[in-house]
Amino acid sequence: MPELPEVETIARELRPLILGERLAGFRTDWPRSVRHPEPALFSARVAGRRVERVERRAKWILVDLDDGAVIAIQVKMTGQLFVLPADAPADPHVHLVFPLGSGRELRIRDVRKFARVALYERQPGGGIVGPGGVDPLAEIGPEPLAPDFTVARFRERLRGRRSRLKPLLLDQSFLAGVGNIYADEALWRARLHPLRSAATLRPAQERALWIAIRSVLTEGIERRGSSIDDYTAPGGDGEMQEHLAVYQRTGTPCPRCGRPIRRIVLGIRSTHFCGWCQRLPAAERSAGNRALLAAARRTTRRGPRWSELPTGAGAVGARPAARRKGKPDTAPARAGGPAAGGSR
DNA sequence: CATTACCTGCAA
DNA sequence: TTGCAGGTAATG
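Residues numbered from 1 in each chain as written. Chains lettered and ligands numbered in written order. Predicted model: local features only at pLDDT ≥ 70, side-chain atom pairs only at ≥ 80, totals over all residues.

**Q** Teacher, can you tell me more about the overall build of chain A here?
**A** Within chain A, the regular secondary structure consists of seven helices and twelve strands. Of all 344 residues assigned to chain A, the portion counted as buried reaches 37%. Within chain A, residue pairs in contact and separated by at least 24 positions form 64% of the contacts whose partners lie at least 6 positions apart. (Helix = DSSP H or I, 4+ residues; strand = E, 2+ residues; numbered from the N terminus. Buried ≥ 20, exposed ≤ 12 C-beta atoms within 10 Å, placed from the backbone. Contact = placed C-beta atoms within 7 Å.)

Here it is in structure tokens:
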């Protein structure tokens, strides 16, 4: 599930691989993945251009070319980026390819075809625009790790918001880059219930949430993201999945208090939290909230999907690679060999 | 503002 | 065979 730390990792690892490279064109076998312009024009526009910059904004990867064009890539749920020799084995899940002048290719592998690419124009002021002069990032909220995203600024944005904290954190116009994993983890760190209304937060809790969001995202980047299901970076898997407290850990002990982590469904999102550490104030135990929480008590225990260690003594060692899907045979080997340890 | 569509692989 | 995973655009 690429969120800010995962996309940041992809951008950081992609940068040295393609910076200064000349693009030879672009091709796709799934035109719906291309927002704008149509693939043939897209290819003609990027052919011969050199890569000048690779950066992340929200969950987008932006690749600046030397004529002011900007390739925008959204990996969404299952997109993966690799830079491989052009003669590397074909992969049926690679739907977007940028051949490079050096004889390699930037390949976007995407099992579920949710990923999107688009071509925009860099503006003198630094923004980007697409057809009709529209900035595709106009509705995106502030970067939570930007130096100017102070606790005061966070408080300003919270002011007047009455929604529950979990959906609010997922709202990209409220804050850029937070998704389901890091929303749950930030709320756990801040000891705030996901159903808690933003309107009732005390100043100390607002500050705790601000700190929690920034610390969990920073740690996620340091650990190169959470490799759950399909996410992997150009340089291989991350390891943040081994340091999550609640996400997809239903039934396992809360690292703080030992009580079992619970799961509720909010909207269509799984939401994981500790019912003891993250209490909902009595005033917010509405009928609707109580119904959601009652359903959680009936929820069957579900383990994490990134590792499934055998139970019993001696269950130590490298995690079974077969448990995770989405790793192409052509992926570069993880530096330093297989991860030891595996589980927590 | 809330719900549905997009997609496929995999577990139940 | 069904349902679930969920980021985001589109629709009601």
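**Q** How should I be thinking about the domain arrangement of chain A in this particular structure?
**A** On domain assignment, one finds that chain A holds domain 1 (4–133) and domain 2 (151–307). Between domain 1 and domain 2, the C-alpha centre-to-centre distance is 31 Å. Facing 17 residues of domain 1, the contacting portion of domain 2 comprises 19 residues. Broken down by secondary-structure element, the contributors of at least two residues to the side of domain 1 that touches domain 2 are helix 1 (4–18) and strand 6 (79–85). For the side of domain 1 that touches domain 2, the element with the most residues is helix 1, which contributes nine residues. Residues that form the side of domain 1 that touches domain 2 fall into these classes: ten nonpolar, three polar and four charged. (Domains from an automatic or database assignment. Nonpolar A, V, L, I, M, F, W, Y, C, P; charged D, E, K, R; others polar.)

**Q** Please explain the sheet that holds strand 8 (residues 104–110) as it appears in this structure.
**A** Strand pairing in a sheet relies on backbone hydrogen bonds, with the paired strands running either antiparallel or parallel. Within the open sheet, the four strands sit side by side as 1-7-8-6. Their pairing is antiparallel. Bordering the open sheet on either side are strand 1 (27–28) and strand 6, each of which pairs with just one other strand. Bridging between strand 6 and strand 8 involves seven bridges; their strand directions are antiparallel. Within the sheet, the bridge partner assigned to Gly-79 lies in strand 8 and is Asp-110. (Pairing = 2+ DSSP bridges.)

**Q** Help me understand the packing of helix 1 against helix 6 (residues 203–222), please; the structure alone is not making it clear to me.
**A** A packed helix pair is summarised by two numbers, namely the angle formed by the two axes and the spacing between the axes. Viewed as axis vectors pointing N to C, helix 1 and helix 6 meet at an angle of 35°, and their least axial separation amounts to 8 Å. Considering how the two elements wind past one another, helix 1 and helix 6 form a crossing that is right-handed. Contact with helix 1, carried on its side by Leu-4, Pro-5, Glu-8 and Thr-9, involves Leu-217, Gly-220 and Ile-221 of helix 6 and no other residues of that element. For the contact of helix 1 with helix 6, the class distribution of residues is four nonpolar, two polar and one charged. (Axes fitted to C-alpha atoms, helices over the stretch in contact; angles between N-to-C directions. Left-handed = near helix turned anticlockwise from the far one by under 90°.)

**Q** What exactly am I supposed to notice about the nonpolar core here?
**A** Here is a general trend for soluble globular proteins: nonpolar side chains tend to be buried in one another's company. One finds Ile-71 and Ala-186 to be the most contacted residues of the largest nonpolar core, which totals 71 residues. The biggest single contributor to this core is helix 1, with seven residues. In terms of domain composition, this core takes at least three residues from each of domain 1 (4–133) and domain 2 (151–307). Excluding residues that lie within four positions of it along the chain, Ala-186 makes contacts with Leu-169, Leu-209, Ala-212, Ile-213 and Val-216. (Core = buried A, V, L, I, M, F, W, Y, C linked by C-beta atoms within 7 Å.)

**Q** Could you clarify how one ought to interpret the confidence of the model for chain A in this entry?
**A** Low pLDDT marks stretches whose predicted atomic positions should not be read closely. When pLDDT is averaged across chain A, the result is 84; 86% of the residues are at 70 or more. Overall, residues 299–344 carries pLDDT values under 50, and its contacts beyond four positions in sequence, including any with other chains, amount to 61 contacts. (pLDDT = per-residue confidence, 0-100.)

**Q** How should I be thinking about the protein's contact with DNA strand C in this particular structure?
**A** Around DNA strand C, the structure places 14 residues, and the nearest of them are Met-1, Lys-59, Gly-179, Asn-180 and Ser-270. Looking at side-chain class alone, the surface near DNA strand C contains five nonpolar, five polar and four charged residues. (Near = placed C-beta within 6 Å.)

**Q** Would you mind going over the environment of Asp-229 with me for this structure?
**A** On the secondary structure map, Asp-229 appears in the loop between helix 6 and strand 11 (261–266). In this structure, the C-alpha to C-alpha distance between Asp-229 and Met-77, residues 152 residues apart in sequence, is 9.4 Å.

**Q** Just checking my understanding: could you explain the packing of helix 5 (residues 180–189) against helix 6 for this structure?
**A** Viewed as axis vectors pointing N to C, helix 5 and helix 6 meet at an angle of 130°, and their least axial separation amounts to 8 Å. Accordingly, the angle class assigned to the pair helix 5 and helix 6 is oblique. You can see that helix 5 and helix 6 cross each other, and the crossing is right-handed. Facing helix 5, whose interface residues are Tyr-182, Glu-185, Ala-186 and Arg-189, helix 6 presents Leu-209, Ala-212, Ile-213, Ser-215, Val-216, Leu-217 and Gly-220. Across the contact of helix 5 with helix 6, the residue classes tally to seven nonpolar, two polar and two charged. (Parallel < 35°, antiparallel > 145°, perpendicular 65-115°, else oblique.)

**Q** Explanation requested: unusual backbone geometry in the structure shown.
**A** The bulk of non-glycine residues show a negative phi, and the bulk of peptide bonds are trans. The linkage connecting His-36 with the following residue, Pro-37, adopts the cis geometry, with an omega of -10°. Along the chain, Pro-37 falls in the loop between strand 2 (34–36) and helix 2 (39–46). In this model, Ala-58 sits at a positive phi of 55°, which is unusual for a non-glycine residue. Note on placement: Ala-58 falls in the loop between strand 3 (51–57) and strand 4 (60–65). A tally of 20 C-beta atoms within 10 Å means that Ala-58 is categorised as buried. Despite not being glycine, Lys-113 shows a phi value in the positive range, around 60°. Structurally, the position occupied by Lys-113 is in the loop between strand 8 and strand 9 (116–122). For Lys-113, a count of 16 C-beta atoms within 10 Å gives the class partly exposed.

**Q** Explain the pairing of strand 9 here, please?
**A** Counting buried positions over the seven residues of strand 9 gives five, a clear majority of the element. By the bridge criterion, six bridges tie strand 5 (residues 69–74) to strand 9 in an arrangement that is antiparallel. Among the inter-strand pairings, Ile-71 is bridged to a residue of strand 9, identified as Leu-119. Looking at chain direction, strand 9 and strand 10 (residues 128–129) are connected through two bridges and run antiparallel. Note on strand 10: the bridge partner recorded for Glu-121 is Val-129. What sits between the antiparallel neighbours strand 9 and strand 10 is a turn of five residues, in which Gly-126 has the positive phi angle 110°.

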